[in-house]
Amino acid sequence: MKTKDFYYNLPEELIAQHPLEQRDHSRLLVLDKNTGKIDHKHFYDILDYLNEGDVLVLNDTKVRPARIFGHRVGREEKIEFLLLNHEKDVWECLSKPGKKAKIGTEIEFSDKLRAKVVDISEDGSRFLKFEYEGIFEEILDELGEMPLPPYITEKLKDKDRYQTVYAREKGSAAAPTAGLHFTKDLLNEIAKRGIKICYITLHVGLGTFRPVKVENLDDHNMHSEFYILTEDVANTMNEAKRLGNKIIAVGTTSVRTLESVADDNGILKPQSGFTDIFIYPPYKFKCVDSLITNFHLPESTLLMLVSAFSSRKFILNAYNEAVKSKYRFFSFGDAMFIR
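These numbers were taken from a predicted model, which means no experiment stands behind them. (Residues numbered from 1 in each chain as written. Predicted model: local features only at pLDDT ≥ 70, side-chain atom pairs only at ≥ 80, totals over all residues. Heavy atoms only, no water.)

Participant: Can you walk me through the overall build of the protein in this structure?
Facilitator: When you go through the protein residue by residue, the secondary structure sums to 6 helices and 17 strands. Taking 2.2 N^0.38 as the reference for a compact globule, 339 residues should give roughly 20 Å; the C-alpha atoms of the protein span a radius of gyration of 20 Å, in line with that estimate. For the protein, the C-alpha atoms occupy an extent of roughly 65 × 45 × 40 Å along the three principal directions. The burial tally for the protein puts 53% of its 339 residues in the buried class. (Helix = DSSP H or I, 4+ residues; strand = E, 2+ residues; numbered from the N terminus. Rg over C-alpha atoms; globule rule 2.2 N^0.38 Å. Buried < 20%, exposed > 50% of the residue type's maximum accessible area, 1.4 Å probe, protein only.)

Participant: Just checking my understanding: could you explain empty space enclosed by the protein for this structure?
Facilitator: To find the voids left in a structure, one rolls a probe of water-molecule size over its atoms. For the structure shown, the criterion picks out 3 cavities of 30 Å³ or more. Around the second largest cavity, the lining residues are Pro-19, Leu-20, Gln-22, Arg-23, Ser-26, Arg-161, Leu-180, His-181, Arg-328, Ser-331, Phe-332 and Gly-333. (1 Å grid on protein atoms, 1.4 Å probe; cavity = no way out; pocket = protein on both sides within 12 Å on 5 of 7 lines; lining within 4 Å. Points joined across faces, edges and corners; volume = space filled by probe spheres on them.)

Participant: Which parts of the structure should I look at to understand the sheet that holds strand β9 (residues 113-120)?
Facilitator: Within a sheet, each strand pairs with its neighbour through backbone hydrogen bonds, oriented either parallel or antiparallel. Taken together, the 6 strands give a closed barrel; going around it, the order is β5-β6-β7-β10-β9-β8, and neighbouring strands pair in antiparallel fashion. Neighbour-to-neighbour, the strand axes of the sheet open up by a mean angle of 45°, direction not taken into account. Two strands pair when backbone bridges link them, and strand β8 (residues 106-110) and β9 are joined in this way by 4 bridges, in the antiparallel orientation. If you follow Ser-110 over to β9, its bridge partner there is Leu-113. (Pairing = 2+ DSSP bridges. Axes fitted to C-alpha atoms, helices over the stretch in contact; angles between N-to-C directions.)

Participant: Can you help me understand the sheet that holds strand β14 (residues 247-250) in this one?
Facilitator: Taken in spatial order, the 9 strands make up an open sheet running β2-β1-β17-β16-β14-β3-β12-β13-β15, and their pairing is mixed. If you trace the sheet from one side to the other, it starts and ends with β2 (38-42) and β15 (271-275), each paired once. Each neighbouring strand pair of the sheet contributes to a mean axis angle of 25°, computed without reference to strand direction. When strand β1 (residues 27-31) meets β2, the two strands line up antiparallel, connected through 5 bridges. Across the sheet, Val-30 pairs through a bridge with Asp-39, a residue of β2. Set on the sheet, helix α3 (residues 231-242) makes contact with β3 (55-59), β12 (196-202), β13 (225-229) and β14; between it and β12 the angle comes to about 130°. (Contact = heavy atoms within 4.5 Å.)

Participant: Would you mind going over the nonpolar core with me for this structure?
Facilitator: Soluble globular proteins tend to bury their nonpolar side chains together. Formed by 67 residues in total, the largest nonpolar core has its most connected members in Leu-258 and Phe-329. With residues up to four places along the chain from it excluded, the contact list for Leu-258 reads Val-57, Ile-200, Leu-229, Met-237, Ile-247, Leu-268, Cys-287 and Val-288. Within the second largest apolar cluster, 22 residues are counted, among which are Trp-91, Ala-101, Val-117 and Leu-140. (Core = buried A, V, L, I, M, F, W, Y, C linked by side-chain atoms within 4.5 Å.)

Participant: Would you mind showing me how to read the pairing of β14 here?
Facilitator: The side chains of a regular strand alternate, residue by residue, between the two faces of the sheet. Burial along β14 is two-sided: Ile-247 and Ala-249 facing one way and Ile-248 and Val-250 facing the other are all buried. As paired elements, β3 and β14 share 3 bridges and run parallel to each other. Note on β14: the bridge partner recorded for Leu-56 is Ile-248. Pairing analysis gives 3 bridges linking β14 to strand β16 (residues 290-294), with the strands arranged parallel. Looking across to β16, one finds that Ile-248 is bridged to Ser-290.

In structure tokens, the structure reads:
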């Protein structure tokens, strides 16, 4: 398939710039993946579509406040860095402007934090070796800002609004945004109704959101991301599948984790590692039955994944319906339930 096959027209004013005051009051477009039938609901109505014995799978990764600003030692102009992943004290970063961060450049962030550019990758990422006084994560919490996507231009007043209410495993460069709609009260009500809630971890990297620059999808390579699936979670889902209950994945990150781990019969084994799975039509899902997701960018790998879960025709029709109905799009936008 071609990248251009996943284009749709989105008016800029529909890109949500801030989260709703009440997380679960966002709108919910419900799509029947087999017939294309659409219903318009609110997110708290998700309770009507979950049945006792089903398993709701959430990604409990936590976003680092990984956008930090420094300057070259002896200079005043700011350089922005976005921390991606690391080995010990050497971090891979995106930098802006990159030309000011050459190998050997020393960067000062505060009186507690300095770094030196020790390498540059082929795609322009910088590798910074940090020196600091104290605990690095605490310094980052103090200095860093949330790494909001570039299409969000308004400053976020409360850092916690770019975290899910169940975030606990710090390591992501971006939030698993489908989970932003859940409240603790809604999760408690879901559990009361006999729906099992399971947590997996996939640390979201920016590779998920980088544009597809190739014409043919077969030529696109995904960046790898680290995941964890525990024994208890694997056993819970395997038992639910054995009994004929559904696995409902919250977000494309949960889908990618489960589909990476499942065997051809949909059986999960506890494991951790890195996945670079790229899901696009046609793809036969092995484990996931339903999907809660947000609305994604045109021609993105995320839009391709949800198209594989239903069909490109039904998904693009649903997106066009969402545009006509003035849904809010992307990270802080409304949600979609594909059942």
